[in-house]
Amino acid sequence: MLSGTSGSVRIGARRVARCLTPRAASIAIASIPRASLSRNTSIAQARSLSSTGHLSYAINTNPNPPLGKKNASNDMPSRIGLIGARGYTGQALIDLINEHPNMDLRHVSSRELEGQELKGYTKRKIIYESLSPEEVAQLDKDGKVDCWVMALPNAVCQPFVEALGQSKSLIVDLSADYRFDSTWAYGLPELIQRSKIAQSTRISNPGCYSTGSQLALAPILEHVGAMPTVFGVSGYSGAGTKPSPKNDIKLLHDNLMPSRDIRQIYQNRYAGEKLVKVVGEAPLVKSIQNKHGVEIGGFAVDSTGKRVVVCATIDNLLKGAATQCLQNMNLALGYGEYQGIPLE
Ligand SMILES: NC(=O)c1ccc[n+]([C@@H]2O[C@H](COP(=O)([O-])OP(=O)(O)OC[C@H]3O[C@@H](n4cnc5c(N)ncnc54)[C@H](OP(=O)(O)O)[C@@H]3O)[C@@H](O)[C@H]2O)c1
């Protein structure tokens, strides 16, 4: 449903956001009456949000607050093996591990870069290897690695996971392969019980679209009468970012109706979250690049009170991949939840 191309997000008749830069995704959700169905939308009816009353007061409704430093029980370094280290997400994770006080990268695997030195990693000299599943299993049996990260394309990591078998080492998979496997923890700490992730040795890391859209939907799900629609847009390197009315923040502003009640629900739900920022205006894709959290905003309700629009932006390689991976690794390896993650 979601493509990797840049484009505009259109909800009902309103143009809400346009992808401006590479490496980021903008996600909008909407729920509108069936009568308003258009060729491109399959949006269902929502209950009137105004019936929730005026929520202008701040309360903490976060049922799953961050574990933060409370999770820090391990002061030993963890040895990390990264399979798929040449790729975009692998490289983003290497940068984060390089700055992490307790994580120690030991093996990086790439068929293409085998024999070359890993650049940009300053803690130790590492040479790329081309590790087979059997070699990964052997290293694991020899006790050389505490955590394996699979940064491989979809449908590639199964032989590696199977070779590791019942190993007690942590495995975090960035692909979609295990996201629907109930024996794996779904690594979205803001929505999934953090203690469950912390106790898991198999974590499936949701990607950028799933993270952005689920965070954007969760706080108002109970108010939505039927299936919401998620539109996702993502830019990729080299995509044009020529300014136009479609990405003019002033125009965007004028087209959105303030809706403080909705915003309040989000602020209450994400109280204390360091990687979810609730903002009033529609978050701009260009502003989220290189940031480690998700921004949710641009809340709008139409005059009938039956349609709501919410926009979320996420850097696909950070909270959409490497940062979330590190957050999950911190939880499961016993470090502070945000250890090594640059926070604003
Ligand atoms: N890019 C994103 O924005 C993003 C966001 C969230 C999640 N994800 C998910 O994260 C995973 C990695 O994405 P990516 O963008 O980093 O991919 P990528 O840039 O294409 O990198 C893939 C990596 O896997 C290795 N690889 C490819 N085929 C392989 C095979 N058959 N056996 C062993 N190694 C193989 C490649 O290295 P060699 O070819 O040198 O071996 C490379 O290191 C994907 O599952 C993707 O869906 C991506």
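Model, not experiment: these values are computed from the prediction.

Enquirer: Sorry, what's going on with the site of the ligand here?
Expert: Looking at the ligand, there are 24 residues lining it, with Gly-84, Arg-86, Gly-87, Glu-112 and Ser-175 nearest. Elements supplying a minimum of two residues to the shell around the ligand: α1 (88-99) and α9 (318-333). The element that contributes the greatest number of residues to the shell around the ligand is α1, accounting for 3 residues. Residue composition of the shell around the ligand, by class: 11 nonpolar, 10 polar and 3 charged.

Enquirer: Explain the sheet that holds strand β9 (residues 202-204) to me, please; I cannot follow it from the model alone.
Expert: Think of a sheet as strands paired side by side through backbone hydrogen bonds, with each pair either parallel or antiparallel. One open sheet accounts for 6 strands, arranged β5-β4-β6-β7-β9-β8; its pairing is parallel. The open sheet has two edge strands, β5 (103-109) and β8 (185-186), and neither has a second partner. One ladder, built from 2 bridges, connects β8 with β9; its direction is parallel. By the bridge assignment for β9, Ala-185 is matched with Ile-203.

Enquirer: Looking at this structure, I do not really get helix α7 (residues 260-269). What am I missing?
Expert: Side chains of residues three or four places apart in an α-helix project in the same direction, reflecting 3.6 residues per turn. Among the 10 residues of α7, 7 are classified as buried, and the element is accordingly described as predominantly covered. Turning to α7, its buried residues number three or more, namely Ile-262, Arg-263, Gln-264, Ile-265, Tyr-266, Gln-267 and Arg-269. The secondary structure elements touched by the buried residues of α7 are β11 (276-278), β12 (294-301) and β13 (308-314).

Enquirer: So what exactly am I meant to see when it comes to the UniProt feature "active site" (unreviewed entry) in the protein chain here?
Expert: Summarizing the sequence annotation, UniProt attributes the feature "active site" (unreviewed entry) to Cys-208 in the numbering used throughout. Inspection of the secondary structure puts Cys-208 in helix α5 (residues 208-217). Classification of Cys-208 as buried rests on a count of 26 C-beta atoms within 10 Å.

Thresholds, definitions, all that
- For every chain, the first residue of the written sequence is number 1, and numbering continues from 1 onward in sequence order.
- Predicted model: local features are reported for residues with pLDDT of at least 70 only, side-chain atom pairs are reported and counted for 80 or more only, and whole-chain, interface and lining totals are derived from all residues.
- We call a residue near a molecule or strand when the C-beta position, derived from backbone atoms, sits within 6 Å of it.
- Per the convention used, a helix needs a DSSP run of H or I reaching at least four residues, while a strand needs a run of E reaching at least two, with both numbered from the N terminus.
- Gly falls in the polar group here, along with every residue not listed as nonpolar (Ala, Val, Leu, Ile, Met, Phe, Trp, Tyr, Cys, Pro) or charged (Asp, Glu, Lys, Arg).
- Two strands make a pair as long as DSSP finds a minimum of two bridges between them.
- Any residue with 12 or fewer other C-beta atoms within 10 Å of its own C-beta is exposed, any with 20 or more is buried, and the rest are partly exposed; the C-beta atoms used are placed from the backbone.
- Contact between residues is assigned whenever the C-beta positions, reconstructed from backbone atoms, fall within 7 Å.
- UniProt positions are given in the numbering used here, feature names are shortened, and annotations may be inferred rather than shown by experiment.

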